[in-house]
Amino acid sequence: MQVGFSPVADDLYREIILDHYRHPRHRGRVDPADAVVEADNPLCGDQIDLSVRFDGDQLAEIAFDGTGCSISQAACSMLCDAVSGRSREQALDVAQRFRAMLVEDGSPNDLGDLEALQGVRAYPVRVKCATLPCNALLQALDPGEDAQ
Ligand code: ZN
């Protein structure tokens with residue numbers, strides 16, 4: 001989908017963000033979990049924990065819990081949606097492309113609902129809200145252990 005910054009796109013994005021905020025996907029806690037990552041953004045007061053369970057190389061289950069602003073909560077919901085059931089490598093790729101879109105001024109690249117957050121790039125304080133789950137996911141995917 002080609003996207004621009006027209007008012008129509010803005011409205012569409014707002015709708016998508018609000019929908020995820022009001023009806024979050026993957027909310028809760030994976031139990032048992034292979035990794036639980038707590039992350040917070042003191043600038044805004046967002047606080048989440050992200051739990052994941054792997055099945056071999058597949059990210060079989062992912063869930064988030066916590067509190068925060070609409071951007072952070074919607075970003076959690078969208079990101080969990082985007083990586084659930086994917087391989088570790090694919091999940092990593094999504095997280096990196098999402099971060100690139102927001103932090104490196106990259107253009108959105110096949111990110112589905114997550115593309116709705118591209119407008120956040122214009123607000124540096126909110127970027128940390130949007131990247132919060134992304135950072136947690138990167139940590140969950142690579143807990144600092146050597147590859148087997
Ligand atoms: Zn926030």
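Residues numbered from 1 in each chain as written. Predicted model: local features only at pLDDT ≥ 70, side-chain atom pairs only at ≥ 80, totals over all residues. Heavy atoms only, no water.

Taking an unreviewed UniProt entry as the reference, the protein is identified by name as SUF system NifU family Fe-S cluster assembly protein belonging to Candidatus Amunia macphersoniae. Annotation of the protein in UniProt includes, under Sequence similarities (unreviewed entry), the sentence "Belongs to the NifU family." (UniProt positions renumbered as here; feature names shortened; annotations may be inferred.)

Interaxial distance between helix α3 (residues 88-103) and helix α4 (residues 124-141) falls to 10 Å at its minimum, and their mutual angle equals 155°. Overall, the two elements α3 and α4 adopt an arrangement that is roughly antiparallel. Along this stretch, α3 crosses α4, giving a crossing that reads as left-handed. Facing Arg 88, Ala 91, Leu 92, Ala 95, Phe 98, Arg 99, Leu 102 and Val 103 of α3, the residues of α4 in contact are Val 127, Ala 130, Thr 131, Cys 134, Asn 135, Leu 137, Leu 138 and Leu 141. Of the residues contributing to the contact of α3 with α4, the split by class is 12 nonpolar, two polar and two charged. (Axes fitted to C-alpha atoms, helices over the stretch in contact; angles between N-to-C directions. Helix = DSSP H or I, 4+ residues; strand = E, 2+ residues; numbered from the N terminus. Parallel < 35°, antiparallel > 145°, perpendicular 65-115°, else oblique. Left-handed = near helix turned anticlockwise from the far one by under 90°. Contact = heavy atoms within 4.5 Å. Nonpolar A, V, L, I, M, F, W, Y, C, P; charged D, E, K, R; others polar.)

Moving on: the coordination of the zinc ion. For the zinc ion, every protein donor is listed as Cys 44 (SG), Asp 46 (OD), Asp 46 (OD), Cys 69 (SG) and Cys 129 (SG), and the spread of their distances is 2.2 to 2.6 Å. Mapped onto the sequence, the donors of the zinc ion take the spacing C-x1-D-x22-C-x59-C. Look at Cys 44 and you get partly exposed, because its relative accessible area is 33%. We classify Asp 46 as buried; its relative accessible area is 1%. (Donors = N, O, S within 2.8 Å, 3.2 Å for Na, K, Ca; no water. Buried < 20%, exposed > 50% of the residue type's maximum accessible area, 1.4 Å probe, protein only.)

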